[in-house]
Amino acid sequence: MIQRRNLLLAGGLAPFLGACSRLPDTVKIGVAQPLSGPLAALGKDMLAGVQLAVKELNEAHFSVKNQAITLEVVSRDDKSDAATGKKVAQELVDAGVVAVIGNLNSGVSIESAPVYAAAGIPQLAISTNPKYTQLGLATTLRLVANDDLQAKAMASYALSNLKAERWALVDDGTPYGKALIAGVQSLFKKKGKEAALAASLDAKTTTFDDLIAKMVAAKVDGVITTLADFQVEALVKGMAKAGLRDAVLLGGDTIKTNLLPKMDMPIRAVYSTSPVIEPYEFSAGRSFETRFAAATKQEVVYGAHYAYDAVHSITLAMIRAGSAAPAKVLAAMKELDLHGPVTASLRYDAAGEQAFGTISVYAIEKGRWASVMRTRDWD
């Protein structure tokens, strides 16, 4: 089916294909994700999505201009660290990749972006800080909606749908977390609401005694946070121990993994907002989940389906460009009116943002994240 689609696209796009240098026999696709450390499960999930797409395309004898091309994955561990991300970005440039699917963390994506831009290599990031596409670089592309929209979703859903009066706003000290919570604070003020408590921690904290004592003193009954899943696990246990069992917590997309649904939740409820929409919400999602599980022996835990579609974004651009030259692939990628094989909406606007990005709200139900609502029109 993939081969047939490639041939149809190649035929339909023939008028757009101009003369270009000889196509290589092998084209390398770069991956820069956290493959070790606290966020390794998310980064490995992204890598597995890329690997599945490449495997399927190679098995379908992917070709451009009737020339067979073997796709190869070149992956690097950015360790969720900006300096490391910049270093591995240069390694991937030196390896001769046509494009890079990276990074997960906003700070890492922002630090790495100039390296890819200098080489003219497209960078497809799942990180959400708006600053990423505001760097003025032609090569920055985002796979999901950004945090301007997510901040609106968090503030709107919390104030309109969750029964809490006294909110604590807690960020993880990262560019992603601080900017997202700042956006929530701003929207709270516009709606005439003040947070009872605000705190900035770091991305590795797992001991929350001081924060919880302040929460108790402030009589907090709601928490909005950008802490990661393993941090929230420790936080809610501490909250319950301190008597805050009736509190509700709303987290960002880094808590929407399979960790928290496995808990016997000790507080009233935990929700997550996320621009990373669950596979089952798309018509092709169930099929993808089945193939992914068969190939990797694991479930999708984060954005594997977006990474999978990102590979198709790159390869369809190669077909349109009739080239594997990064500059030509980038230009074609920005022109694609692409419905991703899984997500059905992978389309970049002039700034490199997703043209139809949305934010979903999820609640933990029966051991998994269940979609409560999804929209792009948050007030």
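Every value quoted in this text rests on a predicted model; they were computed, and no experiment measured them.

Student: Got a sec to walk through the layout of surface pockets? Specific residues and values, please.
Tutor: Size it by volume and the largest pocket reaches roughly 530 Å³. Residue lining of the largest pocket: 29 residues in total, with Leu 39, Ser 80, Asn 105, Thr 174 and Ala 203 positioned closest to the centre. Those elements that provide at least two residues to the lining of the largest pocket are α4 (106–119), α6 (175–190) and α8 (229–241). Among the residues forming the lining of the largest pocket, the class breakdown is twelve nonpolar, twelve polar and five charged. Computed from the structure, the second largest pocket encloses a volume of approximately 370 Å³.

Student: I'd love a proper account of the packing of helix α5 (residues 147–161) against α6, names of residues and values included.
Tutor: One way to put it is that α5 packs onto α6 with a least axis distance of 8 Å and a crossing angle of 50°. With respect to their mutual orientation, α5 and α6 come out oblique. Here α5 and α6 pass one another in a crossing that is right-handed. Counting all contacts with α5, which are made through Asp 147, Gln 150, Ala 151, Lys 152, Met 154, Ala 155 and Leu 159, the residues of α6 involved are Tyr 176, Leu 180, Gly 183, Val 184, Leu 187 and Phe 188. Considering only residue class, the contact of α5 with α6 consists of nine nonpolar, two polar and two charged.

Student: Before we move on, can you summarise the packing of aromatic side chains with the specific residues and values?
Tutor: Inspection of every chain in the model, using the stated rule, returns three aromatic pairs. Grouped by ring-pair contacts, the aromatic residues Phe 288, Phe 292 and Tyr 308 constitute a single cluster. Its guanidinium or amino end placed over the ring of Tyr 362, Lys 256 lies 4.9 Å from that ring's centre, counting from NZ or CZ.

Student: Talk me through the pattern of salt bridges; I want residue IDs and the actual numbers.
Tutor: The final tally for this structure, using the stated rule, is 15 salt bridges. Two residues, Glu 91 and Lys 87, come together in a salt bridge whose shortest N-O distance is 2.7 Å. With Glu 91 and Lys 87 both in helix α3 (residues 82–95), this residue pair falls four residues apart, about one helical turn. Owing to a relative accessible area of 26%, Glu 91 belongs among the partly exposed residues under this scheme.

Student: Report on the environment of Leu 162, specifying residues and quantitative values.
Tutor: Within the secondary structure layout, Leu 162 lies in the loop between α5 and β8 (167–171). Residue classification places Leu 162 among the buried residues on the basis of a relative accessible area of 8%. Leu 162 sits 24 residues away from Ala 138 along the chain, and the two C-alpha atoms are 40 Å apart. When near neighbours in sequence (up to four residues on either side) are disregarded, Leu 162 contacts Tyr 157, Trp 167, Val 248, Leu 250 and Tyr 271.

Student: Break down the sheet that holds strand β7 (residues 140–142) for me, citing the residues and quoting the values.
Tutor: Strands sit in the order β4-β1-β5-β6-β7 across an open sheet of five strands; the sheet is parallel. A strand with exactly one partner marks an edge of an open sheet, and here the two such strands are β4 (70–77) and β7. Sheet twist, expressed as the average angle between the axes of neighbouring strands with direction ignored, equals 25°. Helix α2 (residues 40–59) rests against β1 (26–33), β4 and β5 (99–101) of the sheet, and its axis sits at about 170° to β4. Packed on one face of the sheet, α3 meets β1, β4 and β5 and runs near 155° to β4.

Student: If you had to explain the side chain of Asn 129 to someone new, which residues and values would you point to?
Tutor: Mapped onto the elements of the fold, Asn 129 is located in the loop between β6 (123–125) and β7. By relative accessible area, Asn 129 is classed as buried at 3%. Other than its neighbours up to four places away in sequence, Asn 129 contacts Ser 106, Ile 110, Arg 142, Asp 147, Pro 175, Tyr 176 and Ala 179.

Reading the values: rules and limits
Residues numbered from 1 in each chain as written. Predicted model: local features only at pLDDT ≥ 70, side-chain atom pairs only at ≥ 80, totals over all residues. Heavy atoms only, no water. 1 Å grid on protein atoms, 1.4 Å probe; cavity = no way out; pocket = protein on both sides within 12 Å on 5 of 7 lines; lining within 4 Å. Points joined across faces, edges and corners; volume = space filled by probe spheres on them. Helix = DSSP H or I, 4+ residues; strand = E, 2+ residues; numbered from the N terminus. Nonpolar A, V, L, I, M, F, W, Y, C, P; charged D, E, K, R; others polar. Axes fitted to C-alpha atoms, helices over the stretch in contact; angles between N-to-C directions. Parallel < 35°, antiparallel > 145°, perpendicular 65-115°, else oblique. Left-handed = near helix turned anticlockwise from the far one by under 90°. Contact = heavy atoms within 4.5 Å. Phe/Tyr/Trp six-rings, centres within 6.5 Å; stacked < 30°, edge-to-face > 60°. Lys NZ or Arg CZ within 6 Å of the ring centre and 35° of its normal. Salt bridge = Lys/Arg side-chain N within 4 Å of Asp/Glu carboxyl O. Buried < 20%, exposed > 50% of the residue type's maximum accessible area, 1.4 Å probe, protein only. Pairing = 2+ DSSP bridges.

Everything listed here is a matter of geometry and, on its own, says nothing about what the molecule does.
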